[in-house]
Amino acid sequence: MKIASLIAALVATAALTALGQEGVVQDVKHGAKKAGETVKDGLETVGEKTKETAKTVGKKTKEAAETVAEKTKETGETVARKTKEAVNGTGEKAAETTRKTHHKSSKTASKTKAKTTEEQTPASSPTP
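The following refers to the structure shown. (Residues numbered from 1 in each chain as written. Predicted model: local features only at pLDDT ≥ 70, side-chain atom pairs only at ≥ 80, totals over all residues. Heavy atoms only, no water.)

### Description of the overall build of the chain
Working step 1: In terms of helices and strands, the chain carries 1 helix and 0 strands.
Working step 2: When the 128 residues of the chain are sorted by exposure, 0% land in the buried category.
Working step 3: Summed over its atoms, the accessible surface of the chain is roughly 11,600 Å², and 64% of this surface lies on carbon and sulfur atoms. (Helix = DSSP H or I, 4+ residues; strand = E, 2+ residues; numbered from the N terminus. Buried < 20%, exposed > 50% of the residue type's maximum accessible area, 1.4 Å probe, protein only. Areas by Shrake-Rupley, 256 points an atom, 1.4 Å probe, with all protein chains shown as cover.)

### Considering the pattern of salt bridges
Working step 1: Inspection of every chain in the model, using the stated rule, returns 1 salt bridge.
Working step 2: With a shortest N-O distance of 3.8 Å, Arg81 and Glu85 are connected by a salt bridge. Note that Arg81 and Glu85 are positioned in helix α1 (residues 2–124) at a spacing of 4 residues, about one turn of the helix.
Working step 3: A residue is classified by how much of its surface remains accessible, and Arg81, at 44% relative accessible area, is partly exposed. (Salt bridge = Lys/Arg side-chain N within 4 Å of Asp/Glu carboxyl O.)

### Description of a nonpolar patch on the surface
Working step 1: Taken together, the side chains of Ile3, Ile7 and Val11 make up a nonpolar region of the molecular surface, amounting to roughly 310 Å² of accessible area.
Working step 2: For Ile7, the position within the fold is in helix α1. (Patch = residues over 30% accessible without salt bridge, like charges linked within 9 Å, V, L, I, M, F, W, Y side chains within 5 Å.)

### Details of a negative patch on the surface
Working step 1: There is a patch of like negative charges on the surface, built from Glu37, Asp41, Glu44, Glu48 and Glu52.
Working step 2: Turning to its location among the elements, Asp41 is positioned in helix α1.
Working step 3: The exposure class assigned to Asp41 is partly exposed, which follows from its relative accessible area of 45%. (Lys, Arg positive; Asp, Glu negative; His and termini not counted. Charge placed at Lys NZ, Arg CZ, Asp CG, Glu CD.)

What follows is the structure in C-alpha cells.
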C-alpha cells in the first residue's frame, strides 16, 4: 500500500503541476491579448494624430501660399503705380523745362530785337 500511496501522490502532484501550468499559460495569453489591444489602440491614436497633423499642415501651407500670392500682387501693383508716377513726373518736368527754355529764349530774342532797334534808330534817322 505504500507504493500505491506513493503513486497516488505522484499522480496528484503531476495533475497539480499541469493545472498550475495551465493557469500560467492562461495568464500569458491574457497578458499578450491586453498588450496587443494596447498596441492596436496606440496605432489607431497615432493614425488619427497623423491625419490631423496632415490636415493642419495642408491648411497652413494653403494659407501661406495665399498670403504670398496677395503680397506678390500688392508688390506688383505698387511697382506699376510707382513706375507710372515716375513716368508722369518725368513728362511733367520735361514739359516744364521746355516752357522755361521757350520763355527764356523768347525773352532773349525780345531783348536782342530791342537792342537792334535801338542801335538802328539813331543811325538811320538824320539828326536835326
